[in-house]
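The chain contents come next:
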Amino acid sequence: MTTYERLTTDIVAIQMELTNACALQQCAECCWRYMERPIGSMPLDFAKMVINGAVEAFGTGINFNLNGLGEGLSYPHLPEIIRYIGQKSKGRIELFTSLIGPPERITEVCRALLEVNNNVLLATTCHIRDAEGEVLKKTANHFQFPTIYSMLGNVPRIDLHVATNVSIYTTEEDIKTFNDVFLPILGKDKVHVIERLDSWLEYIRPVAKECSDVTSPAVCDYLYRVLFIEWNGKVTQCCTDTIKDELVIGEIKEKDDIKKIWFSPAMELLRERHNNLDCKDLSPCNKCSRTHGYLTR
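Each residue is numbered by its place in its chain's sequence as written, counting from 1. Whole-chain, interface and lining totals are the exception, using all residues; otherwise, since this is a predicted model, local features are given only for residues with pLDDT of at least 70 and side-chain atom pairs are given and counted only at 80 or more. The side-chain figures draw on all heavy atoms in the structure; neither hydrogens nor water molecules are used.

Visitor: Which residues make up the overall build of the chain, and what are the values?
Guide: Secondary structure elements are defined from DSSP: runs of H or I of at least 4 residues count as helices, runs of E of at least 2 residues count as strands, and each element is numbered from the N terminus. When helices and strands are counted, the chain shows nine helices and 11 strands. Put simply, 73% of the contacts in the chain that link residues at least 6 apart link residues at least 24 apart. Accessible surface, the chain: about 13,500 Å² in total, of which carbon and sulfur atoms supply 50%. The charge count includes Lys and Arg as positive and Asp and Glu as negative, but it does not include His or the ends of the chains. A charged residue contributes its charge at one atom only: NZ of Lys, CZ of Arg, CG of Asp or CD of Glu. Averaging the positions of the 33 positive and the 40 negative side-chain charges in the chain gives two centres separated by 3 Å. Residues are treated as being in contact if the distance between any of their heavy atoms lies within 4.5 Å. In this description, accessible areas are obtained by the Shrake-Rupley approach with a 1.4 Å probe, and a residue is regarded as covered only by the protein chains that are shown.

Visitor: Please give an account of the pattern of salt bridges that cites residues and values.
Guide: Each reported salt bridge corresponds to a side-chain nitrogen of Lys or Arg within 4 Å of a carboxyl oxygen of Asp or Glu. Summed over all chains, the structure comprises 19 salt bridges. For R37, the salt bridge goes to E230, with nearest N and O atoms at 3.4 Å. Of this pair, R37 sits in the loop between β1 (13-16) and α1 (44-58) while E230 sits in the loop between β9 (226-229) and β10 (234-236); the two residues are 193 residues apart in sequence, bridging distant segments of the chain. Of the two residues, R37 and E230, both sit in the buried class. Linked by salt bridges that have partners in common, R83, E108, R111 and E115 make up one network. The buried label goes to any residue with under 20% of its type's maximum accessible area, the exposed label to any with over 50%, and the partly exposed label to all in between, with areas taken from a 1.4 Å probe on protein chains only.

Visitor: Run through the packing of α1 against helix α2 (residues 78-88), naming residues and quoting values.
Guide: For any two helices packed against each other, one specifies the crossing angle of their axes together with the interaxial distance. Every axis corresponds to a line fitted to the C-alpha atoms, with the helix fit spanning only the stretch in contact, and the corresponding angles, defined between N-to-C directions, vary from 0 to 180 degrees. Orientation of α1 relative to α2, taken along the N-to-C sense of each, is 25°, at an axis distance of 10 Å. In this view, α1 runs roughly parallel relative to α2, as classed from their interaxial angle. In the crossing of α1 with α2, the sense of the turn from one axis to the other is right-handed. Residues L44, A47, K48, I51, N52 and V55 of α1 form the contact with α2, whose own contacting residues are E80, I81, Y84, I85 and K88. Angular relationships are summarised with four words: roughly parallel below 35 degrees, roughly antiparallel beyond 145, roughly perpendicular across 65 to 115, and oblique for the angles in between. By definition, any crossing whose near helix is turned counterclockwise from its far helix by less than a right angle is left-handed, and any crossing with a clockwise turn is right-handed.

Visitor: So what about the side chain of R37? Which residues, and what values?
Guide: Judged by its relative accessible area of 9%, R37 is buried. The term polar contact refers here to a pair of N or O atoms within 3.5 Å; inside protein, the definition further demands a hydrogen-donor-capable atom paired with an acceptor-capable atom, and it admits residues adjacent in sequence only when both atoms are side-chain atoms. Polar contacts involving the side chain of R37 include one to the side chain of E17, which spans 2.8 Å. Within the structure, R37 has its side chain in polar contact with the side chain of E230 (distance 3.4 Å). In contact with R37, not counting residues within four places along its chain, are E17, N20, L69, E230, W231, T242, I243 and D245.

Visitor: How would you explain the nonpolar core if you had to name every residue and give the values?
Guide: Counting 91 residues, the largest nonpolar core has I14, M16, F64, L66 and L227 as its most contacted members. No other element matches α1, which puts eight residues into this core. In this structure, F64 is in contact with I14, M16, I51, A54, V55, I85, S89, R92, I93 and E94, ignoring residues within four places of it in sequence. Here, the term nonpolar core denotes a set of buried Ala, Val, Leu, Ile, Met, Phe, Trp, Tyr and Cys residues that are joined through side-chain atoms within 4.5 Å.

Visitor: Tell me what's going on with the pairing of strand β6 (residues 191-194), and back it up with residues and numbers.
Guide: Across four bridges, the pairing between strand β5 (residues 158-165) and β6 is parallel. Looking at β6, one finds that T164 is bridged to V193. By the criterion used throughout, a crossover qualifies as right-handed when its path from the first strand across the helix to the second strand runs clockwise, the strands pointing away from the viewer. Following the chain from β5 across helix α6 (residues 172-186) to the adjacent parallel β6, one finds a crossover that is right-handed. Two strands pair under a simple rule: DSSP has to find at least two bridges between them.

Visitor: How would you sum up the environment of P156? Please name residues and give values.
Guide: Looking at the secondary structure, you find P156 in the loop between α5 (145-152) and β5. When its relative accessible area of 83% is taken as the criterion, P156 is described as exposed. Residues P156 and V120 lie 36 residues apart in sequence; the distance between their C-alpha atoms is 9.5 Å.

The structure is reproduced here in structure tokens:
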């Protein structure tokens, strides 16, 4: 008989989608082009309220993941948010970026990361080809890696990684060029060629060389570890549901809502269903690659 570990609720991070705007939009391996939500950015005062509410509810060790279905560098107040987290929390700051944006914005973000004392995960993705298989000109001409490496590359508390994703359009020359550029700089432990793509509720599967389908009944830990908040305050069960917002759990309007939603009956019911591997009729979880191993499917 196959066994698995049932999870308990233990939050480690608040994931804040500061914006769902993106300068690239047509990356082969991203589902942004299928998004049906309006494009917008989290108001600065609202973002600070979320940070305050999270720290009051879960303590100063809470981590902040500043990512959603968009490019964080498109958020005009990103440096100020980084500094504000540094004032309120000792937790890690996580930022995933395609590094396409104004050089002055990227420089200011780097300065903010240097000013705070938090540990930082800065993961950059070099998107090479679009959904038609053509080279992304913005990446080829404006990938701002030299800027962040020159400013942050030798700071021990900043964990700097660079990755590229493999789609059916990726060539051997693409991978060779990527490795030739970044391996000598960062080393093999921080340079990643990702061959197994997230299928993003089946949207990306047609262009994936291989998908990252889970083949064991291990319980998806997202609902137990991370609270995901969209730019407009909506809370969905995870960042995978950012195309259509199929399963909205609640909406943040004031800072106390953060704790209320995390411990709400709706969240507890979802956790129980996942602990029971019961996602067969639960959309969009029943289309997610993280639940393909659930025994009831």
